Amino acid sequence: MTRLRILPRRQARGWVSLFACALLGLLAAPGASAASCYSGKAISTIVSQPTSKIAWRAGVLHLTSVYGTPRTSAHPRGSVAPEQAPWLLVLGATRARDGRCWVKVRLPTRPNDASGWLRAEQVLLRPSAWSIAVSLAKRTLAVFRGGRVARRVSVVIGAPATPTPTGLFSIIGAWRSPPDAFLGSWILPLTAHSNALQEFEGGDGTVGVHGRGGASLLDPLGSARSHGCIRVSNADIDWLVHTIGAPQLAGIPVRVQ
């Protein structure tokens, strides 16, 4: 089976995504977990798949083995490191026969539905009331808190030749950018990858949400003219980052449909 690609720290800091942006830093994982499977509290009825009101994030503290099945006898099929994504979206949880709890997470690698199982005691578990939904038909991005819309904004989506991929993804992190640069004031790379571009400007075709500045202002909000990324106004992405908090953005769900 294909092993997950582990990025060295130096390479991760210089990683170029689909929108040709160099990542500007790494987010440190916050403190103790809200619910620890190790203590016996994180059963599937507590830590579970994302709902309209809550989603769970798994904090990656160190190089962590990824399994294809939640069994003690299983052999790891790869690994994931904080340099790839400090927090991962939890897709589900289960307790094995030996009592060990496992969480299924969305992985930051191709294909776009890549997932794997982690031993819950090896990660931090923390809930979030925040989620994002992107409508390609309406060309809007909606921010939800506890299932209620907190803000809905107009966006630029992928052009017909380089469409924005659909599916359930999560934010990898939040990086500042010069407000007058093409990518605007903030860059939020996703676990999503372009289906049209296998690589772009040296990167692996990663899709993200970012602001607008410079030449990107020539493409009006509500249009379909990007290479697959979702562009929002600087004012709206500033509000998003400052309202949720940059460290809390990593791992929250982003559904594109």
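The structure this text deals with has already been given above.
Now for a look at the structure at hand.

Criteria and thresholds
- Residues numbered from 1 in each chain as written.
- Predicted model: local features only at pLDDT ≥ 70, side-chain atom pairs only at ≥ 80, totals over all residues.
- Heavy atoms only, no water.
- Helix = DSSP H or I, 4+ residues; strand = E, 2+ residues; numbered from the N terminus.
- Buried < 20%, exposed > 50% of the residue type's maximum accessible area, 1.4 Å probe, protein only.
- Contact = heavy atoms within 4.5 Å.
- Areas by Shrake-Rupley, 256 points an atom, 1.4 Å probe, with all protein chains shown as cover.
- 1 Å grid on protein atoms, 1.4 Å probe; cavity = no way out; pocket = protein on both sides within 12 Å on 5 of 7 lines; lining within 4 Å.
- Points joined across faces, edges and corners; volume = space filled by probe spheres on them.
- Nonpolar A, V, L, I, M, F, W, Y, C, P; charged D, E, K, R; others polar.
- Pairing = 2+ DSSP bridges.
- Axes fitted to C-alpha atoms, helices over the stretch in contact; angles between N-to-C directions.
- Salt bridge = Lys/Arg side-chain N within 4 Å of Asp/Glu carboxyl O.
- Phe/Tyr/Trp six-rings, centres within 6.5 Å; stacked < 30°, edge-to-face > 60°.
- Lys NZ or Arg CZ within 6 Å of the ring centre and 35° of its normal.

Moving on to the overall build of the protein. Counting its secondary structure elements, the protein contains three helices and 18 strands. Taken over 257 residues, the protein has a buried fraction of 55%. Across the protein, contacts joining residues at least 24 apart in sequence account for 63% of those joining residues at least 6 apart. When the accessible surface of the protein is summed, it comes to about 11300 Å², and 53% of that surface belongs to carbon and sulfur atoms.

Let's shift gears to empty space enclosed by the protein. Inspection of every chain in the model, using the stated rule, returns two cavities of 30 Å³ or more. Computed from the structure, the largest cavity encloses a volume of approximately 60 Å³. Lining the largest cavity are Leu 141, Val 143, Arg 151, Val 153, Val 232, Asp 236, Ile 237, Trp 239 and Leu 240. Those elements that place two or more of their residues in the lining of the largest cavity are β9 (140–145), β10 (148–154) and α2 (234–244). In terms of residue count, α2 provides more of the lining of the largest cavity than any other element does, four residues in total. A class-by-class count of the residues in the lining of the largest cavity yields seven nonpolar, no polar and two charged. Grouping the amino acids of the lining of the second largest cavity by side-chain chemistry returns six nonpolar, four polar and one charged.

Pairing in this open sheet of five strands is antiparallel, and the strands run β6-β5-β4-β1-β7 from one edge to the other. Only two strands of the sheet have a single neighbouring strand rather than two, namely β6 (115–119) and β7 (123–128). The mean inter-strand angle of the sheet, taken between neighbouring strand axes irrespective of direction, is 45 degrees. As defined by bridge partners, strand β1 (residues 55–60) adjoins strand β4 (residues 87–95) across three bridges and the pair is classed as antiparallel. Bridge pairing in β4 places Ala 58 opposite Leu 88.

Another aspect to go through is α2. Within α2, burial applies to Asn 234, Asp 236, Ile 237, Leu 240, Val 241 and Ile 244. Elements that come into contact with the buried residues of α2 comprise β8 (130–135), β9, β10, β14 (186–193), β15 (206–210) and α3 (246–249). Positive backbone phi, at 100 degrees, marks Gly 245, one or two positions downstream of α2.

Here we come to unusual backbone geometry. Excluding glycine, most residues fall at negative phi; most peptide bonds, likewise, are trans. Residue Pro 111 is reached from Arg 110 by a cis peptide bond, and omega for that bond is -5 degrees. Locating Pro 111 in the fold gives a position in the loop between β5 (101–106) and β6. In this structure, Arg 139 is a non-glycine residue whose phi angle is positive, near 60 degrees. Structurally, the position occupied by Arg 139 is in the loop between β8 and β9.

Right, let's talk about the pattern of salt bridges for a bit. Enumeration over the complete set of coordinates arrives at four salt bridges. Residues Arg 100 and Glu 121 are paired through a salt bridge, measuring 3.0 Å at the closest nitrogen-oxygen approach. Note that Arg 100 is positioned in the loop between β4 and β5 and Glu 121 in the loop between β6 and β7, a separation of 21 residues in sequence. Within the structure, one salt-bridge network assembled from shared partners comprises Asp 219, Arg 225 and Arg 231.

Burial of β1 is extensive: six of the six residues sit out of reach of the surface. Burial along β1 is two-sided: Ala 55, Arg 57 and Gly 59 facing one way and Trp 56, Ala 58 and Val 60 facing the other are all buried. By the bridge criterion, six bridges tie β1 to β7 in an arrangement that is antiparallel. The partner of Ala 58 across the bridge, within β7, is Leu 125.

This part covers the packing of aromatic side chains. Applying the stated criterion across every chain yields a total of one aromatic pair. Centre to centre, the rings of Tyr 67 and Trp 102 are 5.1 Å apart; their planes meet at 90 degrees, and the pair counts as edge-to-face. With Tyr 67 in the loop between β2 (64–66) and β3 (78–80) and Trp 102 in strand β5, this residue pair connects regions lying 35 residues apart in the sequence. For Tyr 67, a relative accessible area of 6% corresponds to the buried category. The ring centre of Trp 87 lies 4.2 Å from the NZ or CZ of Arg 57, which sits over that ring.

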